[in-house]
Amino acid sequence: MEISLDMIKDKVECLQAYDFQELERAIDDRISMNKALLLRVKLVHHQVTFDPVRNKMLYSAVVHFAMA
């Protein structure tokens, strides 16, 4: 068995929530977790759309982390 310890240079995470503050908390949590991997936020894309099934707004974000 061979173990390979490669460094993560880029990472993309997708998050979504039905409350904007909940999405913001999730992004903050991911930022703290990725600091341990020495990754910093490079880019954030966000979007909001209406979910007709739940009759609520759905907030989503794509966060791109990269080595500092």
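Overview of the structure.

Let us now look at the overall build of the protein. Secondary structure assignment for the protein yields 1 helix and 3 strands. Along the protein, helices and strands appear, N-terminal first, in the series β-α-β-β. Within the protein, buried positions represent 19% of all 68 residues. Relative to all contacts within the protein whose residues are 6 or more apart in sequence, the contacts with residues 24 or more apart total 64%. Accessible surface computed for the protein: about 5,600 Å², of which carbon and sulfur atoms make up 55%. Here the protein carries 9 positive and 10 negative side-chain charges, and the mean point of each set is 2 Å from the other.

What follows covers the side chain of E13. Summarising the element assignment, E13 is placed in strand β1 (residues 10–17). Residue classification places E13 among the buried residues on the basis of a relative accessible area of 10%. There is a polar contact of 3.3 Å between the side chain of E13 and the side chain of R30. Once residues lying within four places of it in the same chain are set aside, the contact partners of E13 are R30, N34, A61, V62, V63 and F65.

What counts, and at which threshold
All residue numbers refer to position in the chain's written sequence, counted from 1. In keeping with the predicted nature of the model, local features appear solely for residues at pLDDT of at least 70, side-chain atom pairs appear and are counted solely at 80 or more, and the whole-chain, interface and lining totals rest on all residues. Neither water nor hydrogens contribute to the side-chain values; these are computed over all heavy atoms in the structure. The numbering of helices and of strands both runs from the N terminus, where a helix is a DSSP run of H or I of at least 4 residues and a strand a run of E of at least 2. Remark: exposure states derive from per-residue accessible area (1.4 Å probe, protein chains only) relative to the maximum for the residue type, with buried under 20%, exposed over 50%, and partly exposed in between. Any two residues having at least one pair of non-hydrogen atoms within 4.5 Å are treated as being in contact. Where accessible areas are quoted, they stem from the Shrake-Rupley method and a 1.4 Å probe; at the residue level, only the protein chains shown are allowed to cover. A residue counts as positive if it is Lys or Arg and as negative if it is Asp or Glu; His and the chain ends are not included. A charged residue contributes its charge at one atom only: NZ of Lys, CZ of Arg, CG of Asp or CD of Glu. Under the rule applied, a polar contact is a pair of N or O atoms within 3.5 Å (in protein, one hydrogen donor and one hydrogen acceptor; residues adjacent in sequence only if both atoms are side-chain atoms).

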